[in-house]
Amino acid sequence: MGRIFSGVQPTGNLHLGNYLGAIRNWVRLQHSFECLFCIVDLHAITVWQDPAELRKSTREVAAGLLAAGIDPARNVVFHQSSVPGHAQLAWVFNCVARLGWLNRMTQFKEKAGKDRENASVGLYAYPNLMAADILLYKATHVPVGEDQKQHLELARDIAQKFNNDFGVGTFPVPEPLILGPAARVMSLRDGTRKMSKSDPSDYSRINMTDDADAIALKVRKAKTDPEPLPDTLAGLDARPEAANLVGLYAALLDLDREGALTRVAGRPFSEFKVELTDVAVSVLGPINAEMKRLAADPAHVDAVLREGGERARALAAPVLDEVFEVVGFLKT
Ligand code: TYM
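This write-up is about the structure you can find in this document.

Scoring rules and cut-offs
- Residues numbered from 1 in each chain as written.
- Predicted model: local features only at pLDDT ≥ 70, side-chain atom pairs only at ≥ 80, totals over all residues.
- Heavy atoms only, no water.
- Helix = DSSP H or I, 4+ residues; strand = E, 2+ residues; numbered from the N terminus.
- Buried < 20%, exposed > 50% of the residue type's maximum accessible area, 1.4 Å probe, protein only.
- Contact = heavy atoms within 4.5 Å.
- Areas by Shrake-Rupley, 256 points an atom, 1.4 Å probe, with all protein chains shown as cover.
- Lys, Arg positive; Asp, Glu negative; His and termini not counted.
- Charge placed at Lys NZ, Arg CZ, Asp CG, Glu CD.
- Near = heavy atom within 4 Å.
- Polar contact = N/O pair within 3.5 Å; in protein donor to acceptor, adjacent residues only side chain to side chain.
- Nonpolar A, V, L, I, M, F, W, Y, C, P; charged D, E, K, R; others polar.
- Salt bridge = Lys/Arg side-chain N within 4 Å of Asp/Glu carboxyl O.
- Axes fitted to C-alpha atoms, helices over the stretch in contact; angles between N-to-C directions.
- Parallel < 35°, antiparallel > 145°, perpendicular 65-115°, else oblique.
- Left-handed = near helix turned anticlockwise from the far one by under 90°.
- Expected span 1.5 Å × (residues − 1).
- 1 Å grid on protein atoms, 1.4 Å probe; cavity = no way out; pocket = protein on both sides within 12 Å on 5 of 7 lines; lining within 4 Å.
- Points joined across faces, edges and corners; volume = space filled by probe spheres on them.

Moving on to the overall build of the chain. For the chain, the helix and strand inventory stands at 13 helices and five strands. If one aligns the C-alpha atoms of the chain with their principal axes, the spans along those axes are about 70 × 45 × 40 Å. In the chain, which comprises 332 residues, the proportion classed as buried is 50%. When contacts within the chain are restricted to residue pairs at least 6 apart in sequence, long-range pairs at least 24 apart make up 77% of them. Counting only carbon and sulfur atoms, one obtains 53% of the accessible surface of the chain, whose full area is about 15200 Å². Charge-centre separation for the chain: the mean point of 38 positive side chains lies 2 Å from the mean point of 41 negative side chains.

Right, let's get into the site of the ligand. Gln9, Tyr126, Asp133, Asp147 and Val185 are the nearest of the 28 residues found near the ligand. Gln9 places a polar main-chain atom, nitrogen or oxygen, 2.8 Å from an oxygen atom of the ligand. Note that a nitrogen atom of the ligand is positioned 3.2 Å from one of the backbone N or O atoms of Gly17. Starting from 710 Å² of accessible surface for the ligand in isolation, the protein chains cover 96%. Residue composition of the shell around the ligand, grouped by class: 13 nonpolar, ten polar and five charged.

Turning our eyes to something else, we now look at the pattern of salt bridges. All chains considered together, the criterion is met by 20 salt bridges. The shortest N-O distance in the salt bridge between Glu34 and Arg3 comes to 3.1 Å. Here Arg3 lies in strand E1 (residues 3–8) and Glu34 lies in strand E2 (residues 34–39), a separation of 31 residues in the sequence. Residue class for Arg3 comes out buried when judged on its relative accessible area of 18%. Between Arg24 and Asp254 there is a salt bridge; the shortest N-O distance is 3.9 Å. Here Arg24 is found in helix H1 (residues 16–29), whereas its partner Asp254 is found in the loop between helix H10 (240–253) and helix H11 (257–264), with 230 residues between them in sequence. Shared partners join several salt bridges into a network, and the residues in it are Asp202, Arg205, Asp210 and Lys218.

With that settled, the discussion passes to the side chain of Lys218. Here Lys218 shows up in helix H9 (residues 212–221). Note on Lys218: relative accessible area 4%, which makes it buried. Of the polar contacts made by the side chain of Lys218, one reaches the side chain of Asp202; its length is 3.0 Å. The contacts of Lys218, once residues within four sequence positions are left out, are Leu188, Asp202, Tyr203, Arg205, Ile206, Asn207 and Asp210.

Our focus in this paragraph is the packing of helix H4 (residues 85–94) against helix H7 (residues 121–135). The interhelical angle for the contact between H4 and H7, taken along N-to-C directions, is 120°, at an axis separation of 8 Å. Considering their axes alone, H4 and H7 lie oblique with respect to each other. For the pair H4 and H7, the sense of crossing is right-handed. Packed against H4, whose contacting residues are His86, Leu89, Ala90, Phe93 and Asn94, the element H7 presents Ala125, Asn128, Leu129, Ala131, Ala132, Asp133 and Leu135 at the interface. Here the residues of the contact of H4 with H7 sort into eight nonpolar, three polar and one charged.

In a regular helix each residue adds 1.5 Å, so 18 residues correspond to 26 Å; helix H3 (residues 51–68) covers 26 Å between its end C-alpha atoms and thus fits that length. Residues Leu54, Ser57, Thr58, Val61, Ala62, Ala63, Gly64, Leu65, Leu66, Ala67 and Ala68 constitute the buried set of H3.

If a probe the size of a water molecule is rolled over the atoms, the empty space left behind becomes visible. Counting across every chain of the model gives three cavities of 30 Å³ or more. When its volume is computed, the largest cavity comes out at roughly 60 Å³. Lining the largest cavity, in full, are Met105, Gln107, Phe108, Lys111, Leu123, Tyr126, Pro127 and His151. Elements with a minimum of two residues in the lining of the largest cavity: helix H6 (106–112) and H7. For the lining of the largest cavity, a count of residues per class yields five nonpolar, two polar and one charged. In this structure, the second largest cavity spans a volume of roughly 50 Å³. Lining of the second largest cavity is provided by Gly12, Asn13, Leu14, Ser57, Glu60, Val61, Thr209 and Met291.

By themselves, these are just geometric observations and shouldn't be taken as functional.
Encoded structure:
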């Protein structure tokens with residue numbers, strides 16, 4: 001059995017991209033792997049976070065994971081800042097990774113935008129921390145959405161360079177698991193941009209906390225084109241919004257894109273959107289209700305995270321000891 005590590009940032013609402021691209025896969029994988037699922041608050045502060053909001057979001061995201069079906073008894077569910085080893089190993093990796101490697105990271109370029117000089121050093125070094133998250137537990141598999149692929153490649157490079165530099169086999173080279181027809185969910189307002197927590201328009205995403213009315217409204221307002229749905233996948237090629245909605249529909253119904261398309265080929269968007277709404281509400285409704293219940297019981301959520309933190313620290317300690325020994329830090 002391999003070991004899984006994956007993480008999610010506590011920065012605003014979880015959305016359908018997080019759910020279909022990552023969290024739902026975690027729920028499924030928990031039966032065949034030993035898993036750690038982490039709410040990555042150290043990553044969140046690479047851009048400004050209001051402290052009270054950050055605390056609230058951390059609990060909310062934890063509630064979202066539990067509501068989606070992650071079992072905290074079977075898996076380690078915790079928040080990153082409760083395990084000091086993440087930051088400690090990240091420092092070692094800051095000294096392993098090369099500037100040239102980080103300069104190639106497209107997410108930094110997107111997030112820093114034009115005002116690069118004003119971005120935090122943390123935002124730049126973020127992929128090294130992500131590598132530390134995974135390798136602190138010697139995780140072998142990392143289920144993520146497609147947007148994290150480049151960061152995962154960097155984590156693989158870091159594992160290999162560390163092993164080569166010191167002539168050891170300390171780290172496994174972790175495998176990305178990018179699964180399903182919704183590994184890259186796009187904005188409902190622009191089929192060429194990723195659905196994201198940081199999009200200023202709430203109409204661009206379906207949040208895991210949205211109720212049926214909000215979902216219906218957002219799907220109704222979703223950008224489309226005037227043509228009915230095609231009957232082949234090739235017919236979606238130059239139609240990013242249509243392709244995105246079909247991908248969502250497929251993922252929500254657990255079909256592949258082709259199977260989903262045969263159900264709706266030839267329909268106008270007005271009809272397809274009603275069906276998409278029904279499917280989204282039936283999948284998200286129960287999760288939404290459970291998130292509300294957990295929101296009213298923060299002590300329970302805190303207890304889950306506390307216990308997860310303890311278990312994570314115990315798993316991390318021997319790996320960090322091994323790394324310090326390999327690097328040549330004196331043990332006194
Ligand atoms: P984050 O918080 O942006 O997203 C959490 C997970 O959701 C996936 N995701 C998407 N999948 C499909 N379509 C989308 N529009 C979409 N938006 C987000 C992400 O790919 C991710 O799997 N750096 C990571 C968190 C992280 C991490 C890690 C992940 C920190 N350390 C170690 C894996 C292993 C991030 O910002 O994810």
